[in-house]
Amino acid sequence: MAGDDFLRWLRREGRIVIVGASLAGLRAAETLRAEGFAGSLTLIGDEPYEPYDRPPLSKAVLLGKASPHHTELPRRREIDATWRLGVAATGLDTAAKRVRLADGDEVAYDRLLIATGVRARPWPRESEARLDGVFVLRTRDDAVRFRRRLDSSPGRVFVIGAGFTGSEIASACRERGIAVTVAERADAPLVGALGGVIGAVAGELQREHGVDLRTGVMVTALEGDAAGRVRAAHLSDGTSVETDVVVVSLGATRNTEWLAGSGLGAGPRGIACDAGCRAFDFRGIVTDDIFVAGDVARSPHPLFGYQFLSLEHWGNAVTQAETAAHNMISASSERRPHIWVPAFWSAQFGVNIKSVGVPGMGEQIMITQGSRAERRFVAAYGYQGRVIAAVSFDNARWLEFYQRLIETAAPFPPDFATVDRRAEGRAPMPADFPDPSLPTHGPTVTLSGYSPADRRLVFTPSRH
Amino acid sequence: MRLVVDLNRCQGYAQCVFFAPDVFALHGEEALVYDPHPDEVQRERLARAVAACPVQAITAEGLDGTGETGETAAGTGEAVLHGR
Ligand SMILES: Cc1cc2nc3c(=O)[nH]c(=O)nc-3n(C[C@H](O)[C@H](O)[C@H](O)COP(=O)(O)OP(=O)(O)OC[C@H]3O[C@@H](n4cnc5c(N)ncnc54)[C@H](O)[C@@H]3O)c2cc1C
Ligand code: SF4
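Procedures and definitions
- Residues numbered from 1 in each chain as written.
- Chains lettered and ligands numbered in written order.
- Predicted model: local features only at pLDDT ≥ 70, side-chain atom pairs only at ≥ 80, totals over all residues.
- Heavy atoms only, no water.
- Helix = DSSP H or I, 4+ residues; strand = E, 2+ residues; numbered from the N terminus.
- Buried < 20%, exposed > 50% of the residue type's maximum accessible area, 1.4 Å probe, protein only.
- Lys, Arg positive; Asp, Glu negative; His and termini not counted.
- Salt bridge = Lys/Arg side-chain N within 4 Å of Asp/Glu carboxyl O.
- Polar contact = N/O pair within 3.5 Å; in protein donor to acceptor, adjacent residues only side chain to side chain.
- Contact = heavy atoms within 4.5 Å.
- Pairing = 2+ DSSP bridges.
- Axes fitted to C-alpha atoms, helices over the stretch in contact; angles between N-to-C directions.

Q: What exactly am I supposed to notice about unusual backbone geometry here?
A: Where the residue is not glycine, phi is negative for most of them; where a peptide bond is considered, it is trans in most cases. Residue and element names in this part refer to chain A. The residue after F412, namely P413, is reached through a cis peptide bond having omega 0°. Checked against the element boundaries, P413 lands in the loop between α8 (399-407) and β29 (429-430). One non-glycine residue, K97, adopts positive backbone phi at about 55°. Counting through the fold element by element, K97 comes out in the loop between β4 (89-93) and β5 (98-101). Here K97 falls in the partly exposed class, since its relative accessible area comes to 28%. For Q384, which is not a glycine, the phi torsion comes out positive at approximately 45°. Owing to a relative accessible area of 59%, Q384 belongs among the exposed residues under this scheme.

The structure is reproduced here in structure tokens:
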């Protein structure tokens, strides 16, 4: 079949399979139908639930303002799909174009979308991870279990890792009057994502709200009692903390194991894809029938030096899914690049934290508006003389303006005179990110892959 | 009914809080919390909140009982908006 004929056939009666039935999978399915895909659509998900939203699980759900059973995502439209829920995909045969399922079934596809996301990194010592009272928080089931424990008023909650999720959990516990200890390997919370300058503010916030924050320490062991319940956490500084609940918040692992042997360029950092969301095989050759979206994807971004970005961001999953779906059923000339400017939000200790761009690339930071002491400010991050990211604390309305600066590679330090600028904001300072070779809890933005100077994998997507 | 708020887009204008105070609340100065699964009795108020949001950040399902959505920029529209 000639290309055009194939596309017409695909759109009319082709088979599209989506593996991973969560945010990215659902939004992709809706986009396919919205753009006129009339063939068969199958969604495969290992969780037994229809797609639900995760961000409330560490916020409204823990505060008792939402039920962990009811964060199902609203549908934008009918998708007329076959759902295979509660069954994992266990293998992929790219030559035969079939997905193997855990129940022995095989599902054939003409186009495949992989949206298998990430899972919580468990506590590395299995016997300790199995202790009663040790939790992770990624799924609806995790949230149901953890919320039930919180509702029984534990004496103390011990959080390992002060990334966004860990900090949000600590915040919710404090709001419920539960004693909290947070242990973080870096010198402050959120350091991996936002750097030391902002991390220091996040640390003050935690302490002001009564969190027993321990930084620069590692948890060396979890101790259980005779009944197999956790009773204490031991730290690298020789201290230990008695606790009846431990939440392991050490970041996430990409769900790519099921692709072992498939020939795709899939590994612990995710699945590499081009800016059009097409997966690379392990030789570095781009496929044309396998697409990737959401937390499991790594894709190059022209605004950020064509580095491969892995983003565990809600908005990225939505936008990349829409782009992948569009490209799956479009001719080459009509495809779009996924060049969404990364954006993220977090609510903790009553403060709305938002960021745009890639703070982790920042060499310098400058408080451009407001003040850290008031917990209300915007800070811009600079990289090689341009604005590369911004973060706001209770100042979200300004972020769009900074997004524009990032998109147009505006100079850093920014030279606008109109915004209010306090004394502390006049000078850029080092953004103070930890050495990336020393992992913290796992930043939400990771940079990896090759730079343009190192031409092995670079290609240039068109901009529209 | 189901709803989700695109909190990247939300700017904390709190219009939704005004129209449906039992569904939406501000937590602190501008962090929005909401019930993603509000009761049927909230339908009218939720519909007004969806319509009033100045940045169309709220997607709801079940507002008119047909499962249709409250979001106008479904599918590609939103991708174009964010995708520059
Ligand atoms: C507690 C929490 C709070 C968060 N808060 C925020 C926030 O405030 N702001 C923000 O921007 N982002 C936040 N996020 C991140 C956001 O939820 C994710 O970016 C988003 O869920 C990514 O969607 P996804 O569809 O790519 O992946 P996922 O939601 O991870 O979905 C992947 C799905 O695929 C399934 N799967 C995996 N392997 C297989 C297989 N082999 N076969 C079949 N199915 C499989 C998984 O079980 C899962 O259901 C938060 C996440 C969590 C967990
Ligand atoms: S009205 Fe819209 S922008 Fe305002 S708080 Fe509600 S969702 Fe956010």
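Q: What is the right way to look at the side chain of R33(A) in this model?
A: Residues and elements named next belong to chain A. By the element assignment, R33 lies in helix α2 (residues 23-34). Despite its burial, R33 remains without a salt bridge, the nearest opposite charge being carried by D80 at 4.2 Å. Only 2.7 Å separates the side chain of R33 from the backbone oxygen of F37, close enough to count as a polar contact. From its side chain, R33 meets the backbone oxygen of G39 in a polar contact 2.9 Å long. In contact with R33, other than residues within four places in its own chain, are A38, G39, S40, L41, R77, E78, I79 and D80.

Q: How should I be thinking about the sheet that holds β5(A) in this particular structure?
A: Pairing between the strands of a sheet comes from backbone hydrogen bonds, and it takes one of two forms, parallel or antiparallel. All names here are of chain A. Taken in spatial order, the three strands make up an open sheet running β4-β5-β6, and their pairing is antiparallel. Only two strands of the sheet have a single partner each, and these edge strands are β4 and β6 (106-108). Shown here is a sheet whose adjacent strand axes are inclined to one another by a mean of 25°, direction ignored. By the bridge criterion, four bridges tie β4 to β5 in an arrangement that is antiparallel. Across the sheet, residue G91 finds its bridge partner in β5, namely R100.

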